[in-house]
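Given next are the chains, with one letter for each unit.
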Amino acid sequence: MATRARYKRRRSQNRVGILWASFVVLILVTVVSIKSIGLMQKAGEYQAREMELQAQIDAEYTRAEEIQEFERYTQTRKYIEDTAKDKLGLVYPGEIIFRNEGK
């Protein structure tokens, strides 16, 4: 009988131990799940920010190309002629300029 009582006591202790271990595992799984949801949200925010920054980079590359194209244009004879006509009012000999008096 003493062995039977000892067996029952050990068995109930094992059940309590298993319940405690299950409770601890459940808490750990809950905490990890909550943290992973937060990390996934941050990853989505970072991905959106990355796309926004990539769009800005692309826009700056386009702007740089436009600036280079304008720089090449400013070194042409056509640019010099247009600037001389518009800002200085210079014309070629024999060239006639018509102006709108309404403006």
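Because the structure is predicted, anything quoted here is derived from the model rather than measured.

Undergrad: Before we go on, may I ask you to explain the overall build of the chain in this structure?
TA: Broken down by element type, the chain carries two helices and zero strands. For 103 residues, the compact-globule estimate of 2.2 N^0.38 gives 13 Å, and the chain exceeds it by more than 25% at 40 Å. Taking all 103 residues of the chain together, the buried fraction comes to 1%. For the chain, the accessible area works out to roughly 10300 Å², and carbon and sulfur atoms hold 60% of it. The averaged location of the 14 negative side-chain charges in the chain is 34 Å from the averaged location of its 18 positive side-chain charges.

Undergrad: Teacher, can you tell me more about the pattern of salt bridges here?
TA: Between side chains of opposite charge, a pair can form as their charged atoms come close. Within this structure, the stated rule accounts for four salt bridges. Its salt-bridge partner being Arg49, residue Glu52 comes within 3.0 Å of it at the nearest N-O pair. With Glu52 and Arg49 both in helix α1 (residues 2-74), this residue pair falls three residues apart, about one helical turn. Residue Glu81 is joined to Arg77 by a salt bridge in which the shortest nitrogen-to-oxygen separation is 3.2 Å. With Glu81 and Arg77 both in helix α2 (residues 77-88) and four residues apart, this pair spans about one turn of that helix. On the basis of relative accessibility, which here comes to 24%, the residue Glu81 falls in the partly exposed class.

Calculation rules
Residue numbers here run from 1 along each chain, matching the order of that chain's written sequence. Since the coordinates come from a predicted model, pLDDT governs what is reported: local features require at least 70, and pairs of side-chain atoms require 80 or more to be given and counted, while whole-chain, interface and lining totals use all residues. For side-chain calculations, the full set of non-hydrogen atoms in the structure is used, while hydrogens and water are omitted. For helices the rule is a DSSP run of H or I covering at least 4 residues; for strands it is a run of E covering at least 2, with both sets numbered from the N terminus onward. Both definitions apply: the radius of gyration is a C-alpha atom measure, and the globule rule equals 2.2 Å times residues to the power 0.38. Only protein chains enter the accessibility calculation, which uses a 1.4 Å probe. A residue is then buried if its area is under 20% of the maximum for its type, exposed if over 50%, and partly exposed in between. The accessible surface values rely on the Shrake-Rupley method and a 1.4 Å probe; as for residues, cover is taken only from the protein chains in view. As used throughout, the charge tally considers Lys and Arg to be positive and Asp and Glu to be negative, leaving His and the chain termini uncounted. Think of each charge as sitting on NZ of Lys, CZ of Arg, CG of Asp or CD of Glu. A pairing counts as a salt bridge when a side-chain nitrogen of Lys or Arg comes within 4 Å of a carboxyl oxygen of Asp or Glu.

It is worth stressing that arrangement in space is one thing and function is another; only the former is reported here.
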